[in-house]
Amino acid sequence: MALPSAKPIVFSPWNDPDATPLIRIRGVSKSFGDFLAVNNVDLDIYPGEFFSLLGASGCGKTTLLRMLAGFESPTDGRIFIDGVDMTGIPPYERPVNMMFQSYALFPHMTVAQNVAFGLKQDGLSKKKIAEKAKEVLDLVQMSAFSERKPNQLSGGQRQRVALARSLAKEPKVLLLDEPLAALDKKLRGQTQLELVNIQDRVGITFVMVTHDQEEAMTMSARIGVMNAGFIEQVGTPVEIYEYPATTFVADFIGTANMFDGVVALDEQNRTVVDCAELEAQLTVGHSSGVAVGAPVTVMVRPEKMTVQREAPQDGLNSVHGVVSDIAYLGDISIYHVRLNSGRKVQVALTNLRHTSEQRLTWDDEVYLTWHPANSLVLVQ
Amino acid sequence: MKNRALALYTALGLGYAFLYLPIVLLVIYSFNASRLVTVWGGFSIKWYGELLNDEKILDAAWLSLKVAVINATISTFLGTLAAVVLVRFRRFTGRTLFTGMITAPLVMPEIITGLAMLLLFVSMELAFGWPDGRSVTTIVIAHVTFSLSFVTVVVQSRLAQMDISLEEAAMDLGARPVKVFLVITLPIIAPALLAGWLLSFTLSIDDVVISSFVTGPGSTTLPIVIFSKVRLGVSPEINALASIVVAIVSVGILVFGILMQRQEADRLRSERTAADQG
């Protein structure tokens, strides 16, 4: 008896070869004069996804978002939304809506009028408009403020109204340009989860631009990490943190200790790297796929290292150094260990015990070790 | 400390006296019963009465008002269009030339503008038979040429300050560019339009130099009538007329000030409300 094909428990249409992407970006580039803001980007975004474009300022993420909205047109390449080529289609005819970083609420209109603006352009009846506006204002819990002007609202309230206004037309895609950047840290944390909940309820595909990796990781199903106009890696938060594709991603997402070296041995489940700087060989628990002698980088996350005072017996993946700085962050402490070569390595230890005495202190001699499976070879 | 306060108030008093004493004197002397401007002959309002009977002055005042309103309206319309082009259309052929031509009237000596206008009107009349002599039309055309530059400057700075994402948001929500301009941009820059309108109204109503070139018989503006009367000696009638103008301007400024203050108070109040809820 053939089992019915199991529905995937985890939402991951990007792994399903039969899934049709909602947004297809093909070879898109954008240059401003001599400056190449977006460089030959290919990207698929699936229906119902919460996708984030993450990168430092000037990496091209906002330009890419503005090309989806239609405010910029690509110098090269094509964008398809729901199968329709968007080339030459103006912003007011695209099935997307955008939530602006400045919120861009119309100052001379009330909250209700702001939310109704887009519906009015569609020529709906007054009754329909009022119903729909109320519905989205309820969704963001702002119905009580519908007669207020934007300047009579706090930052958090304006953010909600901006969200309601962009959701009112039920676009196929909602674009969010740094939606939480103007909020203070505490409010931002709450709003992140709220936004995810709302996205879940309305089922609209969200594409968000952010420079805040924590925000991207909290909210998104997948993240595209951008650097200098390129997409360096697309993956789930776990993938980009645990298995960064490039040294840029490893360094940009979280903290990474990286050691340069050359491949000495490459097997199916093991790569050995000669690291001149450490005067040691590092073993990594997977194949690098490159020839012996090729330059590579070994990456280890600070929390994946263990610290001990005695030299480890097997000597596998061990470096020796002196504690030079300690950053106590409450839940964890970050130790900066200076190696013999003068180079500093970061180790994070969870402060499990409620104690005033630190396990390690300045100038302690320590050995840092890690399991081969907890490190990664990055090909340069 | 006390001496310093005294010195400050004295300086303030002297400054105000320098600016306003002549005007105060003019108003006082408009109530002078004597025909001699420099000799006080008791209180009287007869010059105001005579003013109302002076057909020539009334006609001139009416014409000036008409010219000022038409000029302000046309200048605001054209000046706003020019400002939109300068701020929103960043790159087009001849942009530098356009900017220069818009701002040139601001620095052009009035006497040259006036002379050039006169020459233009005369040669046009010879060539096409239009404009037919010097009239309201020629005065308005001449006034618009310099007023519209002022409107452009005022509206341009307001437009440049405006958050462009407001227009983008409206477009994103489905409004076409023309609608965006009418429904979003125009209401937001409306205060600048009003300021530009008032500015060109004022510029037009007290212009002498350019007007003197482009007015003709039967179409004399108020400043020109005053000017020609003063040349024959200052009459108390002129004092009365000047006092009325001062009164009108003062009321206007007062109303404008109260409106602005109220708007500011509203803004502060709503900001406080917002902060409380934050």
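Draft legend 1. Molecular detail of the sheet that holds strand β1 (residues 23–32) of chain A. Residue and element names in this part refer to chain A. Sheet architecture is open: four strands sit in the order β2-β1-β4-β5, paired in antiparallel fashion. Lying at the two open borders of the sheet, with one neighbouring strand each, are β2 (35–45) and β5 (84–85). In this structure, β1 lies alongside β2, joined through seven bridges in antiparallel fashion. By the bridge assignment, K30 is partnered in β2 with V38. Where helix α1 (residues 61–69) meets the sheet, it contacts β1, β2 and β4 (76–81), and its direction lies at approximately 120 degrees from that of β1.

Draft legend 2. Region of the structure containing helix α7 (residues 164–172) of chain B. Within α7(B), eight of the nine residues are buried, which leaves it mostly tucked inside the rest of the structure. By the burial criterion, the buried members of α7(B) are B:S165, B:L166, B:E167, B:E168, B:A169, B:A170, B:M171 and B:D172. Here the buried face of α7(B) lies against α1, β6 (96–99), α2 (111–121) and α4 (155–167) of chain A together with α3 (55–88) and α8 (177–205) of chain B. Among the residues trailing α7(B), B:G174 stands out with phi positive, at a value near 110 degrees.

Draft legend 3. Representation of the side chain of A:N351 within the structure. Residues and elements named next belong to chain A. Tracing the chain through its elements places N351 in the loop between β18 (344–350) and β19 (365–369). Within the structure, N351 has its side chain in polar contact with the backbone oxygen of G330 (distance 3.0 Å). What N351 contacts, discounting residues up to four positions off in sequence, is Y328, G330, D331, I332, S333 and R359.

Draft legend 4. Molecular detail of the pairing of strand β10 (residues 230–235) of chain A. Residues and elements named next belong to chain A. Examined bridge by bridge, strand β9 (residues 222–227) and β10 share five bridges and lie antiparallel to one another. The residue bridging G224 from the neighbouring strand is V234, located in β10. As consecutive antiparallel partners, β9 and β10 are separated by two residues, and within that stretch A228 has a phi angle of approximately 50 degrees, a positive value.

Draft legend 5. Main features of the pattern of salt bridges. Considering all chains together, one arrives at 23 salt bridges over all chains under this definition. Taking the shortest distance from any N to any O, the salt bridge between A:D44 and A:R26 comes out at 3.0 Å. With a gap of 18 residues between them, A:D44 in strand β2 and A:R26 in strand β1 connect regions that are remote in the sequence. Overall, the relative accessible area of 21% leaves A:D44 in the partly exposed class. Through salt bridges with shared partners, one network takes in A:R66, A:E72 and B:E168.

Draft legend 6. Seen up close, the pairing of β4(A). Residues and elements named next belong to chain A. Examined bridge by bridge, β1 and β4 share five bridges and lie antiparallel to one another. Residue R26 lies in a different strand from β4, and its bridge partner there is R78. Sheet topology places β4 next to β5; two bridges connect them, and they run antiparallel. Across the sheet, residue I81 finds its bridge partner in β5, namely V84. Linking β4 back to β5 in an antiparallel pair, the connection comprises two residues, with D82 at a positive phi of about 55 degrees.

Draft legend 7. Spotlight on the environment of A:D42. Residue and element names in this part refer to chain A. Tracing the sequence through the fold places D42 in strand β2. Remark: the alpha-carbon pair of D42 and I231, spanning 189 residues in sequence, is separated by 8.2 Å. With near-sequence residues (within four places) excluded, D42 lies in contact with I25, R26 and G27. Of the polar contacts made by the side chain of D42, one reaches the backbone nitrogen of G27; its length is 2.8 Å.

Draft legend 8. How the structure looks around the sheet that holds strand β14 (residues 295–300) of chain A. Residues and elements named next belong to chain A. Taken in spatial order, the five strands line up as β13-β12-β11-β14-β20 in an open sheet, and their pairing is antiparallel. Lying at the two open borders of the sheet, with one neighbouring strand each, are β13 (280–284) and β20 (375–379). Ignoring strand direction, the axes of neighbouring strands in this sheet form an average angle of 45 degrees.

Draft legend 9. Structural view of the packing of aromatic side chains. Going through the model one piece at a time under the given rule, you end up with 12 aromatic pairs over all chains. For the pair A:F11 and A:W14, a centre-to-centre distance of 6.0 Å together with 85 degrees between the ring planes defines the contact as edge-to-face. Here A:W14 falls in the buried class, since its relative accessible area comes to 18%. Their ring planes at 15 degrees and their centres at 5.5 Å tell us that B:W197 and B:F201 sit as a pair that is stacked. Taken together, the residues B:W197 and B:F201, both in helix α8 and four residues apart, mark about one turn of the helix. A relative accessible area of 26% means that B:W197 is categorised as partly exposed. Through pairs of rings, three or more aromatic residues link up here, namely B:F31, B:F43 and B:Y48. Here A:R24 stacks its cationic end above the ring of A:F80, 4.8 Å away from the centre of that ring.

Reading the values: rules and limits
Residues numbered from 1 in each chain as written. Chains lettered and ligands numbered in written order. Predicted model: local features only at pLDDT ≥ 70, side-chain atom pairs only at ≥ 80, totals over all residues. Heavy atoms only, no water. Pairing = 2+ DSSP bridges. Helix = DSSP H or I, 4+ residues; strand = E, 2+ residues; numbered from the N terminus. Contact = heavy atoms within 4.5 Å. Axes fitted to C-alpha atoms, helices over the stretch in contact; angles between N-to-C directions. Buried < 20%, exposed > 50% of the residue type's maximum accessible area, 1.4 Å probe, protein only. Polar contact = N/O pair within 3.5 Å; in protein donor to acceptor, adjacent residues only side chain to side chain. Salt bridge = Lys/Arg side-chain N within 4 Å of Asp/Glu carboxyl O. Phe/Tyr/Trp six-rings, centres within 6.5 Å; stacked < 30°, edge-to-face > 60°. Lys NZ or Arg CZ within 6 Å of the ring centre and 35° of its normal.

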